[in-house]
Each structure stands twice: as structure tokens, then as C-alpha cells.
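# What the coordinates show
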2 protein chains.
Amino acid sequence: MRLHDFTGSGNGHKVRLLLSNLGQEYELIEHNILNGETHTADFLARNPGGKIPVLETDDGKHLPESNAILWYLAEDTAFMPKDAWGRAQALRWMFFEQYSHEPYIAVARFWLHFVDMTPEQKIQLSEKQDRGNQALEIMEQHLAAHDWFAGDNYSIADIALYGYTHVAGEGGFDLGKYPSIKSWLLRIESQKGHIAMEPH
Amino acid sequence: MRLHDFTGSGNGHKVRLLLSNLGQEYELIEHNILNGETHTADFLARNPGGKIPVLETDDGKHLPESNAILWYLAEDTAFMPKDAWGRAQALRWMFFEQYSHEPYIAVARFWLHFVDMTPEQKIQLSEKQDRGNQALEIMEQHLAAHDWFAGDNYSIADIALYGYTHVAGEGGFDLGKYPSIKSWLLRIESQKGHIAMEPH
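Only a predicted model underlies this, so the values are computations on that prediction, with no experimental measurement involved. (Residues numbered from 1 in each chain as written. Chains lettered and ligands numbered in written order. Predicted model: local features only at pLDDT ≥ 70, side-chain atom pairs only at ≥ 80, totals over all residues. Heavy atoms only, no water.)

The interhelical angle for the contact between helix H4 (residues 84-113) of chain A and helix H3 (residues 66-74) of chain B, taken along N-to-C directions, is 160 degrees, at an axis separation of 8 Å. On the basis of their axis angle, the class for H4 of chain A and H3 of chain B is roughly antiparallel. Of the two possible hands of crossing, H4 of chain A and H3 of chain B adopt the one that is right-handed. Facing Ala84, Trp85, Ala88, Leu91, Arg92 and Phe95 of chain A of H4 of chain A, the residues of H3 of chain B in contact are Asn67, Ala68, Trp71 and Tyr72 of chain B. (Axes fitted to C-alpha atoms, helices over the stretch in contact; angles between N-to-C directions. Helix = DSSP H or I, 4+ residues; strand = E, 2+ residues; numbered from the N terminus. Parallel < 35°, antiparallel > 145°, perpendicular 65-115°, else oblique. Left-handed = near helix turned anticlockwise from the far one by under 90°. Contact = heavy atoms within 4.5 Å.)

Contact with chain A, which involves 33 residues of that partner, is made by 33 residues of chain B. In total, about 3100 Å² of surface goes out of reach between chain A and chain B, with carbon and sulfur atoms giving 69% of it. Considering only the surface of chain A that becomes buried against chain B, Trp85, Phe95 and Tyr99 of chain A emerge as the three largest contributors, covering 26% of it. Close ionic contact of Arg87 of chain B with Glu75 of chain A constitutes a salt bridge, the shortest N to O distance being 2.8 Å. (Buried area = accessible area lost by both parts, 1.4 Å probe. Salt bridge = Lys/Arg side-chain N within 4 Å of Asp/Glu carboxyl O.)

Residue and element names in this part refer to chain B. As for its position among the elements, Asn21 is in helix H1 (residues 10-22). Among the residues examined, Asn21 registers a relative accessible area of 11% and is labelled buried. Once residues lying within four places of it in the same chain are set aside, the contact partners of Asn21 are Phe79, Tyr154, Ile159, Gln191, Lys192, Gly193 and His194. (Buried < 20%, exposed > 50% of the residue type's maximum accessible area, 1.4 Å probe, protein only.)

Residues and elements named next belong to chain A. Across 4 bridges, the pairing between strand S1 (residues 2-5) and strand S2 (residues 27-30) is parallel. By the bridge assignment for S2, Asp5 is matched with Glu30. With respect to chirality, the unit in which S1 leads through helix H1 (residues 10-22) into the neighbouring parallel S2 is right-handed. (Pairing = 2+ DSSP bridges. Right-handed = clockwise from strand over helix to strand, strands pointing away.)

Another point: the domain arrangement of chain A. Residue and element names in this part refer to chain A. We note that the domain assignment places domain 1 (2-74) and domain 2 (84-189) within chain A. Between the C-alpha centres of domain 1 and domain 2 there is a distance of 20 Å. Taken together, the contacts link 18 residues of domain 1 with 18 residues of domain 2. Regarding the contact of domain 1 and domain 2, the summed buried area is about 1400 Å², with carbon and sulfur atoms giving 69% of it. When the buried surface of domain 1 facing domain 2 is broken down by residue, Lys14, Asn67 and Trp71 rank first, second and third, together holding 34% of it. Remark: the boundary between domain 1 and domain 2 carries 1 salt bridge. Notably, a salt bridge pairs Glu97 with Lys14, separated by 2.9 Å at the nearest N-O pair. Mapped onto the side of domain 1 that touches domain 2, the elements with two or more residues apiece are H1 and helix H3 (66-74). (Domains from an automatic or database assignment.)

The next subject is the relation of the copies chain A and chain B. After a rotation of 180 degrees and a shift along the axis of 0.0 Å, chain A superposes on chain B with an RMSD of 0.0 Å. Such a turn and shift between the copies fits a two-fold axis. Minimal C-alpha distance to the rotation axis in chain A is attained by Tyr99 of chain A, lying at 3.1 Å. A shared interface surface links the copies, since 100% of the contact residues of chain A are contact residues in chain B too. (Least-squares fit on C-alpha atoms with pLDDT ≥ 70 in both.)

Structural data, given as C-alpha cells:
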């Protein structure tokens, strides 16, 4: 299989992390999102949304959306909760990640770490950080009472939330305020086949 | 089971529609989001994110996130694709809905239909509508070649996208520009047990 990705992306890192945990071989095709390489006609035929990551199967089918890719790769593996309630909880946190976490933490990181902010973005940054801290507080509250997000084991829910949480410092977030998150990051980083994001 | 909901919400409507398609009985608990009723201590104990809908099971467990609730209710029913690729495609469109559709179409509708817009919201409205139209264009492109979003049948992917698409007019969107979406809405509305959103 091939993964169309940008190695500075936390959404892409989720997929690369699961593939590494699984010991699955794949070909990485890098697209620099900073140069418009995900808005070419060739790329839009793979994902009309113009976003990485996109998984390309050996028979040429394409699957966008990082958390849908995680689900597809994890079915029938140890990284998917075994019971229906556990799977529901995994998706609950994966939708939380895409709606209430990524739009604030990933965007603040992108503005501070990858681009020169526009005056409008400079004004909006503190609101993005406030909302990102609200997401981190909800995670902290859960992790104060549970080791993992869905069921009793490391799963794709943890991988989905790890993607941008472990690089939140690059978005101006102080993870020192969240001791349970810090312990959870260490638990994830001790899993077999773990990989952190490459520095960018 | 009980559904904590606000009947003006498209996210809530998704769940009510699937429950009606399934013929499943449930108790509806209405929380007026316009009066802060989802930010009380009682509600936050059900969902720390302070958002409806939340499914409460008969044994008192809680599940937030509309699309996670759809998944949980649809497992082992005709509304879930039967093969792994179909399930992956369903999730691909459900994550698209929460990341690239709802934040624009639902927000434009909320501003125009439920509240008096602030001056800042009035400035941001046209960008929300532009992004919402981008999402509708991606749906139109898919529906020009396929009857349904995932696999060959009506599924939770269609229900997830129906929630805010069928009331997009209340957000200032002109569905007359999207003939394939209009045909798809009619196909959904002919399904057994269909319910439209109650007027608000």
C-alpha cells in the first residue's frame, strides 16, 4: 500500500504510527502542503478535499481522512476495541479529536511553526489556544481516571489523539499543566514499534 | 434508552432519523442549547464537552458525538456497510461531515436562524458559506456518479450528511445549484421510517 502524506502533519503521523505499531510495510509519497502540492489535478483525483493523508491500496483505491484510515487498518487487530461499547467510545474520542481538538491545536501549531501569521491569524491565535486548552482539559479529566481512551488497552483512539497532542508545545501549549496527559504520552511512547513525529 | 438532544440540531436529527429508520423506541430529553442547559453540572457529567446529542443506555452509560452514536446504533443492522472497505468509506464521509461540512453549514444556519449575529459573525458569514459550498460541491461530485455515500445502499454515512444538508437553505445555501444532492435528498426521504427535522 502507499500513503500520500506530509511528514510534518499530525494527521499523517497517526497513520504512520499505527502502520509502525502493526509492523506493516508501505511506500510513503511525500506532498509538500506548503507548496500547493495537494491541490493539483492529480492529487484532487485521489482526494477531492485536497488533504493528506490518503491511503492508496494495492488495487488503486483511495481512502482519505486520517481517522477513517486508522479504522480501516485496525479492523481485526489488537488496536481496535473488541466490544461494541469500546468501539463506540473509540469513535467518540476520534470525532472529538477532529471537531474539538485538531481545529485548535493543529491550527495554532501550523500558524506558529510553519507559516508567517497574517494579522488576522495573530488576532485569532489566543482564541484557538483557549479552545485547544479546553480540549486538553477534557482529555486530562478522562486520563486522571483511565489509562486509555477506549476500553482497557492502547487503541486507535489513543493514536488519533496522540497525533497533535505530542507536538502541542509547537502550538504554544504548556503540557506541564496536564500531568495525566504527560503520563499517557509516556505510556504510548513505550508501545512496541512507536515512532515520534520527525522534526520539522 | 434515552436521547439527550435539542430538536433544532442537525447533529441530533441524525440520531433521531436512524432511530426512526430502525423503529427503535426511546425517551427524548430536550435541552435548550440557547439557554445554557448543556453547560450545567448535571449535563457536563453526561458529556464534559457540553454538547448534545448524548445517548444514555438503560444501564446509565453515556455516549456523546452524533456520528459515534450512529455507529453504535447501526452495528449489525442494514444501515452499516457489510464489508471493511464500505465501513471505511462510511467513516471517511462521516469525518468529512464533522470537519469540512458541519463547521460551515451548521454554523451559518445557527447564526442566521437561531441568534442575532454579532458584528464579527456578520463579517465571517460569507467565508463560512464559501467553505460550506466547497463541501456541497464535493458531495455533488460524488453523487453525480453514485446513489449513496458508502457502498450500494443507504447507510449511516448518508444519514450523517443528511442532518445539516437538508436544512442548508436556513444557512443561506441554494441547493438548487446541486441537482445530484437534491435527488439524493429525495432518495433518503423515501426510506422507511423517514422523519424530517421539526421546524424551528
